[in-house]
Amino acid sequence: MLVSFKISLLNNSFLQVIMTNLNLKSFHAAFIRLLVLTAFYEISTGALDVSFQSDCRKNYKGDQDCYFMVQDHWDFLKFRKWLDNLNFVRDVSLRIACAEGGSLYIPWPMRARNLKKLEIKDCLLKGYFDENNVKSKYPDTLEVRNIANSAIEISLFEWFNMIKDMQPTKSYTCGQESLVKSIERNNTYRFVNTPKLPGRELFDVLSQIGDSFRDKVRTQPFDCHYKRLIYLENSDNPSLGKHFMEDLTLHSNFPRLKALNLSFNRLSQLPLELKKWYISFPKLEYLNLSNNDLDTFSFTDPKRFGRNKGLHVNLRNNNIRFPPRDFYRYPHRSVPISVDLRENPIR
């Protein structure tokens, strides 16, 4: 941490007054005061925030590896400002874990300067929709996003107002199309500022807002292209709606996705988009549907489909009693399919 005597940051007339009134005995004290003033200036601009500096390690290439254990509250925007004011930074890795009661202010789509890896664990995420009308100055850089055991706080009134005035943009709706690996595991939503309604009526209100949001997204005039995404996981998520696969694939392309993990989601029916997996995921090699509530399954034969590698489907620990009638043909299809049916009540 070098302050480097940034005298140019201060007004020249202020310097002249100091120098003309100093004697040799007071020069040292004035000089120290000047350094302190300069440091305060850098802190105010975010260039010398010791709360971030002390938890980040920089290697010889200039990569920053940052880890924060949050006891109370942590602000992603302040961290982003700190990154902006660094003279030089290459790849940034940010890992955040929260103690009980810890929260994190981090608006979607979580962009920051050269941020390549983001891991969040055990946190309450606030301000999720706060940048929905903000044009981001940051390009897509994120390659790995891993959010686990966390809750997203949503104000019902803010959500409703956002949807009402929403004009979908590619930058916000698609998020970061640079992703290579995306993991969402055991995450939930926490609604605040909700009207005082009986449980069923509140559920109906949430459903209506959710349907309005889906209608806006379904008519968006652009597609999201996740050209680099190889691994996608949304597991242990009790909040998945019945249209989640349609929402995922309708305006999105996954030309290189190799692994899709939808385990522990209480799925009771196999979505059409998975039955015809080759339409949305032409390179898929591994599909994890284990630990759901499926009692049947069936995958369509793509027939003249140009690829050599097969598809492995993990269906362990479901409620499947009878495999499909053409199951014996699965290994002999144009794309061979192997299925793990262990821990099912097969007859």
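Quick look at the structure, then. (Residues numbered from 1 in each chain as written. Predicted model: local features only at pLDDT ≥ 70, side-chain atom pairs only at ≥ 80, totals over all residues. Heavy atoms only, no water.)

### Looking at the overall build of the protein chain
How we decide: Starting at the N terminus, helices and strands are each numbered in turn, a helix being any DSSP run of H or I of at least four residues and a strand any DSSP run of E of at least two. Burial here depends on accessible area, computed with a 1.4 Å probe over protein chains only, as a share of the maximum for the residue type. Under 20% is buried, over 50% is exposed, and the range in between is partly exposed. Note on definitions: a residue-residue contact is assigned when non-hydrogen atoms from the two residues lie within 4.5 Å. Residue-level accessible areas treat just the shown protein chains as cover; the underlying method is Shrake-Rupley with a 1.4 Å probe.
Looking only at helices and strands, the protein chain features 10 helices and 18 strands. Counting only residues that meet the buried cut, the protein chain has 41% of its 347 residues in that class. Long-range pairs, those at least 24 residues apart, make up 81% of the contacts in the protein chain with a sequence separation of at least 6. Accessible area for the protein chain stands at about 19,900 Å²; split by element, carbon and sulfur atoms hold 53% of it.

### Quick word on the nonpolar core
Rule in force here: The set of buried Ala, Val, Leu, Ile, Met, Phe, Trp, Tyr and Cys residues whose side-chain atoms join them within 4.5 Å is what this entry labels a nonpolar core.
If you look at the biggest cluster of nonpolar residues, it comprises 74 residues, and the most contacted ones within it are W74, F79, L94 and L289. Contacts of L289, omitting those with residues within four sequence positions, involve L262, L267, L270, L274, L294, V313, N314, L315 and N318.

### Points about the side chain of N187
For clarity, the threshold we go by: The term polar contact refers here to a pair of N or O atoms within 3.5 Å; inside protein, the definition further demands a hydrogen-donor-capable atom paired with an acceptor-capable atom, and it admits residues adjacent in sequence only when both atoms are side-chain atoms.
Among the structural elements, N187 can be located in the loop between β10 (181–185) and β11 (188–192). N187 gets classed as buried once you look at its relative accessible area, which sits at 11%. In this structure the side chain of N187 is engaged in a polar contact, spanning 3.2 Å, whose partner is the backbone nitrogen of N149. Of note is the side chain of N187, whose polar atom sits 3.0 Å from the backbone nitrogen of S150. Excluding its chain neighbours within four sequence positions, the residues that come into contact with N187 are I147, A148, N149, S150, D236, N237 and P238.

### Some words on the sheet that holds strand β9 (residues 151–155)
Going by this rule: A pair of strands counts as paired when DSSP detects no fewer than two bridges linking them. To obtain an axis, a line is fitted to C-alpha atoms, over the contacting stretch when the element is a helix, and the angle between two such axes runs from 0 to 180 degrees between their N-to-C directions.
Read from one edge of the open sheet, 5 strands run β3-β5-β7-β9-β11, paired in parallel fashion. Edge positions in the sheet fall to β3 (73–75) and β11, since each of these pairs with one other strand and no more. Ignoring strand direction, the axes of neighbouring strands in this sheet form an average angle of 25°. In this sheet, β11 lies alongside β9 in parallel orientation, the contact comprising 5 bridges. Note that in β11 the partner of E153 across the bridge is R190. Helix-sheet contacts for helix α4 (residues 76–84) involve β3 and β5 (103–105), and the interaxial angle to β3 is about 40°. Where helix α5 (residues 156–164) meets the sheet, its contacts fall on β9 and β11, and the angle it forms with β9 comes to roughly 70°.

### Considering the pattern of salt bridges
Think of it this way: side chains of opposite charge can pair up when their charged atoms draw near. Formally: For this document, the term salt bridge refers to a Lys or Arg side-chain nitrogen within 4 Å of an Asp or Glu carboxyl oxygen.
Applying the stated rule across the entire model yields 14 salt bridges. Among the salt bridges present, the one from R111 reaches D140, with a minimum N-O distance of 2.7 Å. Of the two residues, R111 sits in the loop between β5 and β6 (115–121) while D140 sits in the loop between β7 (124–126) and β8 (144–148), which places them 29 residues apart along the sequence. Among the ionic pairs, D326 bridges to R333, the shortest N-O distance being 3.0 Å. What makes D326 partly exposed here is its relative accessible area of 27%. For R333, a relative accessible area of 9% translates into the label buried. If you follow the salt bridges from partner to partner, you end up with D91, K116, E143 and R228 in one network.

### Here we look at α5
Where we set the bar: As used here, the arc is the angular range of directions from the helix axis to the C-beta atoms.
Along α5, the residues that are buried comprise L156, W159, M162 and I163. All buried residues of α5 fall inside an arc of 130° around its axis, so they share one side. Across α5 from its buried face, at more than 90 degrees, point the exposed residues E158 and K164.

### A word on the environment of R145
With respect to the helices, strands and loops of the structure, R145 is situated in strand β8. Expressed as a C-alpha distance, the spacing of R145 and E184, which sit 39 residues apart in the sequence, is 8.2 Å.

### Considerations on the sheet that holds strand β18 (residues 337–340)
If you walk across this open sheet you meet the 11 strands as β1-β2-β4-β6-β8-β10-β13-β15-β16-β17-β18, and the pairing is mixed. The two strands at the open ends of the sheet, each matched to only one other strand, are β1 (56–58) and β18. Pairwise comparison of adjacent strand axes, ignoring direction, gives a mean angle of 10° for this sheet. Looking at chain direction, strand β2 (residues 64–70) and strand β4 (residues 92–98) are connected through 7 bridges and run parallel. Across the sheet, the residue bridging to V70 is C98, located in β4.

### Let's talk about unusual backbone geometry
Residues other than glycine predominantly adopt negative phi, and peptide bonds predominantly adopt the trans conformation. For the peptide bond that leads from W108 to P109, omega is 10°, which places it in the cis range. With respect to the secondary-structure elements, P109 resides in the loop between β5 and β6. One non-glycine residue, D122, adopts positive backbone phi at about 65°. Examined against the element boundaries, D122 turns out to sit in the loop between β6 and β7. Looking at D122, the relative accessible area reads 34%, which means it is partly exposed. Here the phi dihedral of N317 falls at roughly 60°; this positive angle occurs in a residue that is not glycine.

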